[in-house]
Amino acid sequence: MRLPPYYALLLLRLPVDSSAFQSSSGAGRPPTAASGKLFTSSTAMFQTNPLQSIFGNVVASSISNIQQQGMTTLSPERMAELQAVTNQVLASHDIGSWDDIRSSLESKQTPEERSFRANLEKGYGKPSPLHKLRLFDESNDEKNVRVTLFRDSASWCPYCQKVWTMLEQKRIPYRVEKINMRCYGDKPASFTRMQPSGAIPVAIIDGVTYNQSNDIMFALEEAFPDHEALVPTDPGLRAKAQELLRLERTLFSAWMSWLTSGDSPNGRLRGNFVSVLNDVEAELSATKGGFFLGNKVSIVDMMFLPFLERMAASMLYFKGFQIRVAPGEKTDFPAVNRWFDAMETLESYQLTKSDYFTHCWDLPPQLGGCVTEAGSQPYQNAIDGGSWHLPLTPDKLEPEWSWAGDEDAAKREAVERVSANHEKIVAFAARGAGKEGFPRYGAPLADPNAVPNEEVQPFVDASLKIVLQKLLGSNCDEAMKELTSSLKNEGGEELVENVATSLGYLRDRVGVPRDMRLPAARQLRAHLNWAIDECN
């Protein structure tokens, strides 16, 4: 398929997807003192980051910074005694089985929430990162699906995000195949035969393979003319779109230059980024609607969205430079904030939107490092879980996702995701008290071959049951205290430490949007911290 001349200009197809985000030489390279690149959390407890989905159907590899806890060697008889004590504690506090937890959840769910898993299988319902088939509703038939999207497993890739969002916005039925990024895993041979470079995304549309995100987006626009049009046809708007997309590339370059280098408060890199961002602010201020071309979303918004989203997170975390603010707060970029507000009214963007924590830990392995500057420490402390404690208070840095539902809905979402795949999640969490695997991958903390501590799993299982019961509204304080006390008395402090380490390992790997939306993730992270505090 040949690109029309105007479209070749419109999409400004440079850089291609094999950018810094997917470099085979730099992506995932552990930072070194010589390079000056930093990838250091502000608090010792947050040393890891989410990767592959553990809340879907398959538990896969994840970034790991496994504490080398002792792999305890309890006899079968001793294990049986400890499990009996654990079961007694659970029973005495009415903490039921996993089936009981599912039943309790279903009694509290809305009809739409109860149909979530059935809709996943059919490809229907509200969009979810767990969808492998997306038909939207009964009007579409699986046998007529013409698009297969190969996107990253962790929902990290910005190029995948814009294609994914476009498919949803245009309501084009599609299948999903998930592929590892280089910095956290291997790619199947079947994929590298199709895409020798290994870069993602890739799409197959009507039997034709497209290997770059912009080519995919053009092909979707051309192949599905009866769906919502995102490329302007008006000559004036088309010319404006070309101008704005050149601005997007300029902004991207200024962001990359500052993010991956150090600078002074009045330095050139900072000044250049702020200058270009002011140009973006001016363009958005001049529009009559919330989007770049007015009151309707377009291809321009799709191109800007993955990088503006990552800028808002990374500039705050690494540079102490705030772009997005909570409603009512003063800002130098009100039009950019209005654009974010407008984007968040789109169900297509709500699906793919990530949170600051996930981005601030997923960018360094992709880029080969990000440089922290003075003044960023308080923001790092906050983003790295400073507010993940009960009772949860509103996040003052990252605007609330009010469109995701109320607090109870967030808790139900967290319970649903964990309880639906609890066996594999328990085994995954126990890697925190296990042993490092071999071989290692390029991301500084990647360890997809880690070995879980099997002996700690029954007690992690019990702890997660208590956590979920608390999320569902039960008073579980005494249950967790008694479990911790019993395990410490009967199994020793090391066993309890291993349970706490496993819960922390899980907490740090709850990915947004891959596993759940931010309000649910905050609830789960905070409730896991509550359990960890009881262990300590």
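Here the structure is a predicted model, which means the values were calculated and not measured. One numbering rule holds for all chains: residues counted from 1, following each sequence as written. For this predicted model, a pLDDT threshold of at least 70 governs which residues receive local features, and a threshold of 80 or more governs which side-chain atom pairs are given and counted, while totals over whole chains, interfaces and linings are taken from all residues. Values shown for side chains rest on all heavy atoms present in the structure; no hydrogens or waters enter the calculation.

So, the nonpolar core
Formally: Buried Ala, Val, Leu, Ile, Met, Phe, Trp, Tyr and Cys residues that are joined via side-chain atoms within 4.5 Å together make up what is termed a nonpolar core. Accessibility here uses a 1.4 Å probe with only protein chains present; expressed as a share of the type maximum, an area under 20% marks a residue as buried, one over 50% as exposed, and anything in between as partly exposed. Working definition: helices are DSSP H or I runs of at least four residues, strands are E runs of at least two. Numbering for both runs from the N terminus.
The biggest cluster of nonpolar side chains holds 92 residues, and the ones touching the most others in it are Ile-205, Leu-220, Trp-255 and Phe-273. Considering every element that reaches this core, the biggest residue donor is helix α11 (residues 299-319), with 15 residues. Of all hydrophobic cores here, the second largest spans 53 residues; its members include Val-415, Ala-433, Leu-495 and Ala-531.

A look at the pattern of salt bridges
When the charged atoms of two side chains with opposite charge come close together, those side chains can pair. Convention followed: A side-chain nitrogen of Lys or Arg and a carboxyl oxygen of Asp or Glu constitute a salt bridge if their distance falls within 4 Å.
Tallied over the full model, the rule gives 29 salt bridges. Between Glu-81 and Arg-78 there is a salt bridge; the shortest N-O distance is 2.7 Å. Of this pair, Glu-81 and Arg-78 both sit in helix α2 (residues 76-92), separated by three residues, roughly a single helical turn. Taking the relative accessible area as the measure of exposure, Glu-81 reaches 41% and is therefore partly exposed. Arg-78 sits in the partly exposed class, given a relative accessible area of 24%. Between Arg-146 and Asp-206 there is a salt bridge; the shortest N-O distance is 2.7 Å.

Here we look at the confidence of the model for the protein chain
Rules: The predictor rates its confidence in each residue with pLDDT, a number between 0 and 100. Contacts between residues were defined by any pair of non-hydrogen atoms, one from each residue, lying within 4.5 Å.
Per-residue pLDDT for the protein chain has a mean of 87; in total, 85% of the residues score no lower than 70. In the predicted structure, residues 1-53 sits below a pLDDT of 50 and forms 188 contacts with residues beyond four places in sequence or in another chain. Counting contacts from residues 56-70, a segment whose pLDDT is below 50, to residues more than four positions away or on other chains yields 78 contacts.

With respect to the layout of surface pockets
Using the following cut-off: A 1.4 Å probe that fits into a set of points on a 1 Å grid over the protein atoms alone but cannot get out defines a cavity; an open set with protein on both sides within 12 Å along at least five of seven lines defines a pocket, and lining residues are those with an atom within 4 Å of a point. Grid points are joined across faces, edges and corners, and a volume is the space filled by probe spheres set on the points. Only Asp, Glu, Lys and Arg are considered charged, only Ala, Val, Leu, Ile, Met, Phe, Trp, Tyr, Cys and Pro nonpolar, and every remaining residue, Gly among them, polar.
Counted as a void, the largest pocket has a volume near 670 Å³. What lines the largest pocket is a set of 32 residues, and nearest its centre among them are Phe-116, Lys-126, Pro-127, Arg-417 and Arg-517. The set of elements that each furnish at least two residues to the lining of the largest pocket consists of α4 (111-114), α5 (116-122), α13 (347-352) and α16 (407-419). Of all the elements, α16 adds the most residues to the lining of the largest pocket, at five residues. Residue composition of the lining of the largest pocket, grouped by class: 12 nonpolar, nine polar and 11 charged.

A few points about the packing of aromatic side chains
The condition that has to hold: A pair of aromatic rings is counted whenever rings of Phe, Tyr or Trp (Trp by its six-membered ring) have centres within 6.5 Å, and the orientation is called stacked for planes under 30 degrees apart, edge-to-face for over 60 and tilted otherwise. We count a charge as sitting over a ring when the NZ of a lysine or the CZ of an arginine lies within 6 Å of the ring centre and within 35 degrees of the ring normal.
With the rule as written, the count across this model stands at 18 aromatic pairs. Their ring planes at 65 degrees and their centres at 5.1 Å tell us that Trp-339 and Phe-340 sit as a pair that is edge-to-face. Of the two residues, Trp-339 and Phe-340, both sit in the buried class. Consider the rings of Trp-401 and Trp-403, whose centres lie 4.8 Å apart with planes at 25 degrees: the pair is stacked. Site record: aromatic cluster; members linked through ring pairs are Tyr-159, Phe-252, Trp-255 and Phe-307. For Lys-470, the ring lying beneath its charged end belongs to Trp-530, and the centroid distance is 4.8 Å.

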